[in-house]
Number of protein chains: 2
Amino acid sequence: MDFGRATGLIRDGLSKRHLVTVFGECSVDYVGRATSTLPFGKRLAMLKGDGSVSIHQNRLVRPTNYMVNTRLSIEEAGECAVLVAKKLSPREQLTITFRKILDVKSYPMEITDDLRLSGSERDLNDLLMEDLSMIEPGLKPVNQQEHFSKGIADIIAEDSAGNFVVIELKRRQADYASVTQLQRYMQQVEKLKGKKTRGILLAPGIRSNARKLLYELGLEFAKLDFELKPSSAQKAEIKGLERKQTTLLEHFGAAGK
Amino acid sequence: MDFGRATGLIRDGLSKRHLVTVFGECSVDYVGRATSTLPFGKRLAMLKGDGSVSIHQNRLVRPTNYMVNTRLSIEEAGECAVLVAKKLSPREQLTITFRKILDVKSYPMEITDDLRLSGSERDLNDLLMEDLSMIEPGLKPVNQQEHFSKGIADIIAEDSAGNFVVIELKRRQADYASVTQLQRYMQQVEKLKGKKTRGILLAPGIRSNARKLLYELGLEFAKLDFELKPSSAQKAEIKGLERKQTTLLEHFGAAGK
DNA sequence: GCTGGGAGAGGCTTA
DNA sequence: TAAGCCTTTCCCAGC
């Protein structure tokens, strides 16, 4: 495909805010948060109506190069056609140099987003708030997504003994970061309210090292067992909650140490 | 485009491990780590030679739906053509139901990975190891990327007073996770070696709350000023290092508190 | 397989 | 804009 025709098609597609794909032999240079060079090779460039650009190789979901929120331009330069994507703050530039353009497609599409996702942490959070007694009898909600200077606590509750309970919810296996996150909130709540405060990490699982750290810090873990309903039903469902090894003593006792 | 022709093209492209794009009106259902549905609409599906699938709308870099490492099949079913991507462990399924296929493209491409980046953390790490005195006079390397049960410490050094120094390097703004990560390593080294150990977080910047936490924990921060060379030069260059507020006292002193 | 952690993370929400 | 954080994070390296 000759460059004149190709660049014409691309410009037309961009002006209509279509999704434009360009297949060809190109090299790619990125300068911005890092710098990278890609030698000439066959790739598929995807230019979206909102200014997103991505360069795809025939492997992996993630593009080799990409940029959001760009201003796009294409020019013929000697033996090549050069597509430039620019952005300010932070200053970034992606330069795609085509020595051959093999195909250009311009797909008319709305610039919309209508995905309905179920089973996100937000869903689970809402479900839990409806009945905190799933976690522990007598647990009463105090607040949700409460902002502290050191972050945002998922759920704050009060247990039957009148202690505050900070609950950190994870939809997947909890790790070190989850534990330290909970600790930050727990300590801050304790300091702010001046009352004994517990911290419960609620997740489908926890990595063993993270669990050790958790217990060393005097925090608790509760296993969250939830089921993802098929897409027709809009919400996930919490099947049950299981409390395990609520204290450090029990933990190391059970481990036989 | 009639379904017979479309499915034929798709099957042919898949068998050749091309990068195949399918543009059409489709609905998408995902069941796996979450569940999601996408009502009928125009979208571009991208099927890669390694079994990666992604569904793109006309906005954002990230696809609305995706799956890696899938087995793909396409069948005509009544008024629709249904593309199914399956994967075991964890069990996931992506179902793309086309009621119209408007375009199919099959791009012959190698299944390779040829991106070369500069300015990665590893590069900076190597540069720093060449001359730790940039961080502090008299600092001598002990180890690099040392594995501990609690993670991997970027750099371990010894200062002129004979203390161990654990250095955590971040190529971008440091946050809470960076601070707690460093603390984990520092504590573990201290325990393992039984010697007073310092911890230095080395990054181009740090969020103010994270900095507060850092000083509360008795850790140090050093500003790393580095420059990313244009792609022709292969390596980044460290322009300089600036030590600021090395102690909690200085920090709060400077803050006027 | 699990674990730990980087990434040009992307992308969203709220202050 | 910055901070904080979730993500079907993706992806890789080590073990």
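Criteria and thresholds
Residues numbered from 1 in each chain as written. Chains lettered and ligands numbered in written order. Predicted model: local features only at pLDDT ≥ 70, side-chain atom pairs only at ≥ 80, totals over all residues. Heavy atoms only, no water. Axes fitted to C-alpha atoms, helices over the stretch in contact; angles between N-to-C directions. Helix = DSSP H or I, 4+ residues; strand = E, 2+ residues; numbered from the N terminus. Parallel < 35°, antiparallel > 145°, perpendicular 65-115°, else oblique. Left-handed = near helix turned anticlockwise from the far one by under 90°. Contact = heavy atoms within 4.5 Å. Buried area = accessible area lost by both parts, 1.4 Å probe. Salt bridge = Lys/Arg side-chain N within 4 Å of Asp/Glu carboxyl O. Polar contact = N/O pair within 3.5 Å; in protein donor to acceptor, adjacent residues only side chain to side chain. Near = heavy atom within 4 Å. Nonpolar A, V, L, I, M, F, W, Y, C, P; charged D, E, K, R; others polar. Buried < 20%, exposed > 50% of the residue type's maximum accessible area, 1.4 Å probe, protein only. Least-squares fit on C-alpha atoms with pLDDT ≥ 70 in both. Phe/Tyr/Trp six-rings, centres within 6.5 Å; stacked < 30°, edge-to-face > 60°. Lys NZ or Arg CZ within 6 Å of the ring centre and 35° of its normal. Pairing = 2+ DSSP bridges. Domains from an automatic or database assignment.

A look at the packing of helix H3 (residues 176–193) of chain A against helix H4 (residues 208–216) of chain A
For any two helices packed against each other, the geometry is given by the interaxial angle and the distance between the axes.
All names here are of chain A.
Part 1 of the reasoning: Where H3 contacts H4, the axes come no closer than 8 Å and their chain directions differ by 20 degrees. One element, H3, and the other, H4, form an angle in the roughly parallel class. Our pair here, H3 against H4, has a crossing hand that is right-handed. When H3 is examined against H4, the residues Tyr176, Val179, Thr180 and Leu182 are found in contact with a partner set consisting of Asn209, Ala210, Leu213 and Leu214.

Focus: the interface of chain B and chain A
Think of interface size as the accessible area that goes away when the parts come together; that is how it is often given.
Part 1 of the reasoning: Contact with chain B, which involves 62 residues of that partner, is made by 62 residues of chain A.
Part 2 of the reasoning: Across the chain B/chain A interface, buried area totals approximately 5,400 Å², and carbon plus sulfur atoms make up 55% of it.
Part 3 of the reasoning: The largest contributions to the chain B side of the interface with chain A come from Thr35, Asn58 and Val61 of chain B, which together make up 14% of the buried area.
Part 4 of the reasoning: Scanning the region where chain B abuts chain A turns up 7 salt bridges.
Part 5 of the reasoning: For Asp113 of chain A, the salt bridge identified is with Arg59 of chain B, shortest N-O distance 3.1 Å.
Part 6 of the reasoning: Between the two partners, chain B and chain A, sit 32 residue pairs in polar contact (both at pLDDT 80 or more).
Part 7 of the reasoning: Among the secondary structure elements, those contributing two or more residues to the side of chain B that touches chain A are strand S1 (19–31), strand S2 (35–47), strand S3 (53–56), strand S4 (65–67), strand S7 (92–107), strand S8 (116–118), helix H3 (176–193) and helix H4 (208–216) of chain B.

Brief notes about the protein's contact with DNA strand C
Part 1 of the reasoning: Near DNA strand C lie 30 residues; those nearest to it are Arg33, Tyr66 and Gln173 of chain A together with Lys170 and Tyr185 of chain B.
Part 2 of the reasoning: Here a phosphate oxygen of DNA strand C sits 3.0 Å away from a polar atom, N or O, in the side chain of Ser89 of chain B.
Part 3 of the reasoning: Contact distances for DNA strand C include 3.5 Å between a base nitrogen and a side-chain N or O atom of Arg172 of chain B.
Part 4 of the reasoning: Secondary-structure elements contributing two or more residues to the surface near DNA strand C are strand S4 (65–67) of chain A together with strand S10 (151–158) and H3 of chain B.
Part 5 of the reasoning: Considering only residue class, the surface near DNA strand C consists of 11 nonpolar, 7 polar and 12 charged.

Observations concerning H4 of chain B
Part 1 of the reasoning: Looking at H4 of chain B, one finds that the buried residues are Ala210, Arg211, Leu213, Leu214 and Tyr215 of chain B.
Part 2 of the reasoning: Phi turns positive, to about 75 degrees, at Gly218 of chain B, one or two residues after H4 of chain B.

Thoughts on the relation of the copies chain B and chain A
Part 1 of the reasoning: Mapping chain B onto chain A calls for a rotation angle of 180 degrees and an axial translation of 0.0 Å; the resulting RMSD is 0.3 Å. Read as a symmetry element, the transformation amounts to a two-fold axis. Nearest to the rotation axis, the C-alpha of Ala177 of chain B is located 3.1 Å from it, this being the minimum over chain B.
Part 2 of the reasoning: Both copies present the same face, since 100% of the interface residues in chain B are matched by interface residues at the equivalent positions in chain A.

Focus on the packing of aromatic side chains
Part 1 of the reasoning: As enumerated under the stated definition, the model contains 2 aromatic pairs over all chains in all.
Part 2 of the reasoning: An angle of 35 degrees between the planes, with centres 4.4 Å apart, marks the rings of Phe23 of chain A and Tyr107 of chain B as tilted. Taken together, the residues Phe23 of chain A in strand S1 (residues 19–31) and Tyr107 of chain B in strand S7 connect one chain to another. Taken individually, Phe23 of chain A and Tyr107 of chain B each receive the classification buried, so the pair is uniform in this respect.
Part 3 of the reasoning: Its guanidinium or amino end placed over the ring of Phe164 of chain A, Lys193 of chain A lies 5.1 Å from that ring's centre, counting from NZ or CZ.
Part 4 of the reasoning: The cationic tip of Arg184 of chain B hangs over the ring face of Tyr176 of chain A; the distance from NZ or CZ to the ring centre is 3.9 Å.

A short note on the environment of Asp12 of chain B
Residue and element names in this part refer to chain B.
Part 1 of the reasoning: Structurally, Asp12 can be placed in helix H1 (residues 3–15).
Part 2 of the reasoning: The class of Asp12 is partly exposed, set by a relative accessible area of 35%.
Part 3 of the reasoning: A sequence separation of 141 residues divides Asp12 from Ala153, and the C-alpha atoms of the two residues are 49 Å apart.
Part 4 of the reasoning: Within the structure, the side chain of Asp12 is placed 2.9 Å from the side chain of Lys16, a separation counted as a polar contact.

With respect to the pairing of strand S6 (residues 80–87) of chain A
All names here are of chain A.
Part 1 of the reasoning: Of all 8 residues in S6, 7 are buried; the element is thus mostly enclosed.
Part 2 of the reasoning: With 7 bridges joining them, strand S5 (residues 71–77) and S6 adopt antiparallel strand pairing. For Glu75, the partnering residue across the bridge sits in S6 and is Val82.
Part 3 of the reasoning: The turn joining S5 and S6, which pair antiparallel and follow one another in sequence, is formed by 2 residues; a positive phi near 65 degrees is taken by Gly78.
Part 4 of the reasoning: Relative to strand S7 (residues 92–107), S6 is paired through 7 bridges, and the arrangement is antiparallel. Looking at the pairing, Val84 lines up with Thr95 of S7.
Part 5 of the reasoning: Where S6 folds back on S7, the antiparallel hairpin that results is connected by 4 residues, among which Ser89 adopts a positive phi of roughly 45 degrees.

What to know about the domain arrangement of chain A
Part 1 of the reasoning: For chain A, the assigned domains read domain 1 (3–107) and domain 2 (121–255).
Part 2 of the reasoning: Inter-centroid distance (C-alpha atoms) of domain 1 of chain A to domain 2 of chain A is 45 Å.

Concerning the protein's contact with DNA strand D
Part 1 of the reasoning: Near DNA strand D there are 32 residues, and of these Arg172 and Tyr185 of chain A together with Arg33, Tyr66 and Asn209 of chain B occur at the shortest range.
Part 2 of the reasoning: Of everything in DNA strand D that lies within 4 Å of the protein, sugar and phosphate atoms constitute 75%.
Part 3 of the reasoning: Between a base oxygen of DNA strand D and a side-chain N or O atom of Tyr30 of chain B, the distance comes to 3.1 Å.
Part 4 of the reasoning: Note that a base oxygen of DNA strand D is positioned 3.2 Å from one of the side-chain N or O atoms of Glu92 of chain B.

Details of the pairing of strand S3 (residues 53–56) of chain A
Residues and elements named next belong to chain A.
Part 1 of the reasoning: Side chains Val53 and Ile55 of S3 all project onto a buried face; the interleaved residues Ser54 and His56 project onto the opposite face, where all are buried too.
Part 2 of the reasoning: Direction of pairing for strand S2 (residues 35–47) relative to S3: antiparallel, over a ladder of 4 bridges. Residue pairing across strands places Met46 opposite Ser54, the latter belonging to S3.
Part 3 of the reasoning: In this structure, the hairpin formed by S2 and S3 is closed by a connection of 5 residues, where Gly51 is found at a positive phi of approximately 90 degrees.
Part 4 of the reasoning: One ladder, built from 3 bridges, connects S3 with S4; its direction is antiparallel. Note that in S4 the partner of Ile55 across the bridge is Asn65.

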